[in-house]
Amino acid sequence: MTDKHKSNLENGVLTLDLLIEAAHTIEASIRKCAYNRKKYQYAVGDSSASWNESLKENMKYRTYVNRILINSYNLDEQQIKQKLSQVKKRTIPDGVVHEIIGLIRSGNFQVG
């Protein structure tokens, strides 16, 4: 995460790059949760259920971010997928993704 991303996030500005990188992190989390839910499907305990809850939560996060990308940046699903494929590695930690989702939920953000 760059210093520019940090300053934008502190000021409540959600840029296209920041949202795309957050979406990339969310997609990686969704894949991890889906894999572990399947892996622990027949395990004793609540492992599968907790991975299922994490999966549902991350899918909600993806919906929030995609909604901003579609409505504010006029991107369609295909353009979002194309931009996600151009991200080479995960650059935004999960904690920052939670901050971004908090801004989106509160409505206290600007598109920049």
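Presented here is an overview of the structure given in this document. Please read all numbers here as calculations on a predicted model, not as lab measurements.

**A short note on a positive patch on the surface**
A cluster of like positive charges, contributed by R37, K38, K56, K60 and R105, occupies part of the molecular surface. Taking relative accessible area as the criterion, R37 reaches 33% and is therefore assigned partly exposed.

**Side note on the pattern of salt bridges**
In total, this model carries one salt bridge according to the counting rule given. For E27, the salt bridge identified is with R62, shortest N-O distance 3.3 Å. Of the two residues, E27 is situated in helix α2 (residues 16-39) and R62 in helix α3 (residues 47-73); the sequence distance between them amounts to 35 residues.

**Quick notes on the environment of A28**
By secondary structure assignment, the location of A28 is in helix α2. Given the relative accessible area of 22%, A28 is considered partly exposed. Through-space distance from the C-alpha of A28 to that of R90 is 8.1 Å; in sequence the pair is 62 residues apart.

**Focus on the side chain of S29**
Examined against the element boundaries, S29 turns out to sit in helix α2. Under the relative-accessibility criterion, S29 is labelled buried at 11%. The contacts of S29, once residues within four sequence positions are left out, are N58 and D94.

**Points about the nonpolar core**
One finds L14, L19, V65, L69 and I100 to be the most contacted residues of the largest nonpolar core, which totals 27 residues. Elements with a minimum of two residues in this core: α2, α3, α4 (77-85) and α5 (94-106). With eight residues, the top contributor of residues to this core is α2. Sequence-distant contacts of L69, defined by excluding residues within four places in its chain, comprise L16, L19, I20, N74, L75 and I80.

**Focus: the environment of A34**
Among the structural elements, A34 can be located in helix α2. A relative accessible area of 30% means that A34 is categorised as partly exposed. Separated by 31 residues in the primary sequence, A34 and V65 have C-alpha atoms spaced 19 Å apart.

**Section: unusual backbone geometry**
The phi dihedral of N74 falls on the positive side, at around 55°, and the residue is not glycine. Mapping N74 onto the fold places it in the loop between α3 and α4.

**Some thoughts on α5**
Under the 1.5 Å per step criterion, the end-to-end length of α5 is 18 Å for 13 residues, consistent within 8% with the ideal 18 Å. Restricting attention to buried positions, one finds in α5 the residues V96, V97, I100, I101, L103 and I104. On an axial view of α5, the arc spanned by its buried residues comes to 155°, and they lie on one face. Here the buried face of α5 lies against α1 (3-10), β1 (13-14), α2 and α3. Residue G107 follows α5 closely and has a positive phi angle near 80°.

The rules we used
Residues numbered from 1 in each chain as written. Predicted model: local features only at pLDDT ≥ 70, side-chain atom pairs only at ≥ 80, totals over all residues. Heavy atoms only, no water. Patch = residues over 30% accessible without salt bridge, like charges linked within 9 Å, V, L, I, M, F, W, Y side chains within 5 Å. Areas by Shrake-Rupley, 256 points an atom, 1.4 Å probe, with all protein chains shown as cover. Salt bridge = Lys/Arg side-chain N within 4 Å of Asp/Glu carboxyl O. Lys, Arg positive; Asp, Glu negative; His and termini not counted. Charge placed at Lys NZ, Arg CZ, Asp CG, Glu CD. Buried < 20%, exposed > 50% of the residue type's maximum accessible area, 1.4 Å probe, protein only. Helix = DSSP H or I, 4+ residues; strand = E, 2+ residues; numbered from the N terminus. Contact = heavy atoms within 4.5 Å. Core = buried A, V, L, I, M, F, W, Y, C linked by side-chain atoms within 4.5 Å. Expected span 1.5 Å × (residues − 1). Arc of directions from axis to C-beta.

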